[in-house]
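# Remarks on the overall topology
Letter by letter, the chains look like this.
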Amino acid sequence: MQLVYAFDAYCGWSHGFSPTLREAVSRHPDIPVDVISGGLFTGSRRVPIREFGYVQGANAQIAELTGAEFGEGYDRLIADGSFVMDSEAAARGVAALRRVAPDRAAELAGALQRAFYVDGLSLSESATYRKIAEEAGLDADAVVSAFESPEAYDAAADDFRRCAELGVTGFPTLLAVDGGRVAVLAHGHATADEVDRRLAALS
């Protein structure tokens with residue numbers, strides 16, 4: 001069995017789920033975790049953030065329910081309104097970090113979301129991945145090179161396709177995958193205890 005975490009780095013609910021994911025992973029060190037990206041903001045949805053009028057209201061709800069932090073850097077992006085969220089670029093970043101440190105993918109997904117939602121950094125910029133890699137003690141040159149490589153585009157497309165194949169309809173979704181059997185452990189919001197109960201029910 002493995003856990004598959006389907007998220008989008010530009011999804012506020014995924015940001016709010018990060019502590020639950022971290023706790024769930026720490027409770028089950030024997031279960032491998034695969035992190036895959038969704039394509040929430042691709043194609044015609046790649047527009048300035050001001051066009052998503054619900055963002056601040058949703059963030060307030062996320063913060064109240066999960067305790068997630070939305071920092072000053074991010075608040076400045078919202079106030080300006082011109083920033084464009086590009087989920088393909090973020091997925092390339094996830095793939096780059098996963099390639100360099102596959103066993104730390106869940107941890108690094110959380111770091112990626114903090115970079116955006118706390119520090120207000122663009123997930124389309126190489127410098128953001130250099131900073132995340134350096135703070136995580138990874139080879140920053142290798143991460144940036146992987147982010148900028150043609151393979152990263154293929155990896156992003158593969159992630160989007162895999163989300164669809166697994167039946168993921170929203171983010172975040174945490175799945176238990178055992179051969180051909182796929183069970184939903186969490187969708188949107190859940191506590192680590194709730195994840196544990198659903199995981200125990202599978203055995």
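Along each chain, numbering runs from 1 in the same order as the chain's sequence is written. In keeping with the model being predicted, local features are shown solely for residues with a pLDDT of at least 70 and side-chain atom pairs are shown and tallied solely at 80 or more, while totals for entire chains, interfaces and linings include all residues. Note that the side-chain values use all heavy atoms of the structure and ignore hydrogens as well as water.

With that settled, consider the layout of surface pockets. Put simply, the grid is 1 Å and covers the protein atoms alone, a cavity is a trapped set of points that fit a 1.4 Å probe, a pocket is an open set with protein on both sides within 12 Å along at least five of seven lines, and lining residues have an atom within 4 Å of a point. Grid points are joined across faces, edges and corners, and a volume is the space filled by probe spheres set on the points. Considering only enclosed or pocket space, the largest pocket measures out at about 260 Å³ in volume. Every element with two or more residues in the lining of the largest pocket is listed here: α1 (12–27), β2 (33–37) and α5 (105–117). Under the grouping applied here, Gly and all other residues not named as nonpolar or charged are polar, the nonpolar ones being Ala, Val, Leu, Ile, Met, Phe, Trp, Tyr, Cys and Pro and the charged ones Asp, Glu, Lys and Arg. Along the lines of polarity and charge, the residues of the lining of the largest pocket split into nine nonpolar, two polar and five charged. Quantified by volume, the second largest pocket comes out at close to 200 Å³. Runs of H or I in DSSP of at least four residues are treated as helices and runs of E of at least two as strands, each being numbered from the N terminus.

Now for the nonpolar core. In summary, soluble globular proteins display a tendency toward joint burial of nonpolar side chains. Grouping buried Ala, Val, Leu, Ile, Met, Phe, Trp, Tyr and Cys residues that are joined through side-chain atoms within 4.5 Å yields what is termed a nonpolar core. The rule is simple: take the accessible area with a 1.4 Å probe, protein chains only, and divide by the maximum for that residue type; under 20% is buried, over 50% is exposed, in between is partly exposed. One finds F116 and L174 to be the most contacted residues of the largest nonpolar core, which totals 54 residues. Whether two residues are in contact is decided by their heavy atoms, any of which lying within 4.5 Å being enough. For L174, the residues in contact, after removing those within four places along its chain, are L3, V4, Y5, F17, L21, A183, V184, L185, A186 and V195. V4, A6, C11 and V177 belong to the second-largest nonpolar core, a separate cluster that totals nine residues.

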